[in-house]
Amino acid sequence: MALEADFRTDTFAINPLGPALGAEVVGLDLSKPLSAEDEAAVKQAFQTYHLLCFRDQVFTAEEQVAFSELFGPLEVFPEKDKTKGESTVYNVANVSAVGEQLDPNDHRVIYQKVNLRWHTDSSYRYIPSLASLMYGQEVIPEGATGGGGETEFSNMLLAYAALSDEMKARIEPLHMVHYYEFGRRIYPQLPPVSHDERIEVPPTCHPLVRVHADRDHARSLFITTNAGNEISGMTLEDGQAFHQELNEYVSSAEFCYKHKWRTNDLVMWDNRVLLHRAKEYDMQRYRRAFRRTTVGGSAPILGPYSQAVLNAK
Ligand code: OGA
Ligand code: MN
């Protein structure tokens, strides 16, 4: 899929960030309400590039919430202690809500290592999220040792399109089991999921082939690796082996873009068509702090056999 030529408005410029996905937006101030034209241009760019990086933003959590809500109602994170202030503003940091650097063994830090695996945010929900917005307040400095703390993205529309016909046929009827607790079990030192959380986000199945009604029924590959590894209808062993094969496949450089954070970047990505994962950094040495808001999805995921898809044929 070729990206459309970059476009420009009177107020800001949109520059592609690479061949697979992503564009930077320069010259727009998100602390102020957008004009109707700018809002429409941002939405069009988001649909085209799947990831937008708004450079040089200086804005409050309330202003981030207001901008995020242009895309729909925000998700409330299932665990209240991971949020900062409002229940819709999530602290992605090795720094506490009051600014102290946390010990790398602190559960709040270990918990974030779950993000080192390819995923989309809240795939464990029956209706997963539409988009996430992460604001880089403290980022890993240039030339840091022990990893750059980048965030990497992979375009699942490209990944599906590049599959062989045989592989497309193989995945067409399959589903993956997604559940919130899986991420916890990766790190046994983390406390178990509470009864309330377990009830709020029970295991759910999603098709491996995701059909996008807003994209002329285009298809994308949909697996995550932080919320499960079981493929419904396959034995546990075979499913896990196949899941691992797909995990390696989605890491192919041709589908990916790795974002090197600058302070005051607001990166917004489309969870419907991209996977993402955090990259390592030296947690003992460096501070890394992001403020995340998440736009909820509006409908369950459509698969190739969903009635809405079959009706549209
Ligand atoms: C997240 C996440 C990536 C990162 O917060 O959901 O995946 O680079 N973060 O911290
Ligand atoms: Mn994430």
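Residues numbered from 1 in each chain as written. Chains lettered and ligands numbered in written order. Predicted model: local features only at pLDDT ≥ 70, side-chain atom pairs only at ≥ 80, totals over all residues.

Draft legend 1. Quick peek at the sheet that holds strand E7 (residues 175-178). In space, the 3 strands of this open sheet follow the order E8-E7-E11, with antiparallel pairing throughout. Where the open sheet ends on each side, the last strands, each with one partner, are strand E8 (204-207) and strand E11 (230-232). Geometrically, the sheet is characterised by an average inter-axis angle of 40° between neighbouring strands, direction not taken into account. Pairing geometry for E7 and E11, over 3 bridges, is antiparallel. For valine 177, the partnering residue across the bridge sits in E11 and is glutamate 230. (Pairing = 2+ DSSP bridges. Helix = DSSP H or I, 4+ residues; strand = E, 2+ residues; numbered from the N terminus. Axes fitted to C-alpha atoms, helices over the stretch in contact; angles between N-to-C directions.)

Draft legend 2. Region of the structure containing the site of ligand 1. Within the structure, ligand 1 sits among Val92, Asn115, Asp121, Thr151, His276, Ala278 and Arg292. Residues of the shell around ligand 1, tallied by class, amount to 2 nonpolar, 3 polar and 2 charged. (Near = placed C-beta within 6 Å. Nonpolar A, V, L, I, M, F, W, Y, C, P; charged D, E, K, R; others polar.)

Draft legend 3. Just unusual backbone geometry, in detail. The phi dihedral of aspartate 56 is positive, around 55°, even though this residue is not glycine. Residue position: aspartate 56 is located in the loop between strand E3 (51-54) and helix H2 (61-68). A tally of 15 C-beta atoms within 10 Å means that aspartate 56 is categorised as partly exposed. Backbone geometry places aspartate 216, a non-glycine residue, at a positive phi of 60°. Here aspartate 216 lies in the loop between strand E9 (209-212) and strand E10 (218-221). (Buried ≥ 20, exposed ≤ 12 C-beta atoms within 10 Å, placed from the backbone.)

All we've got here are geometric facts, nothing functional implied.
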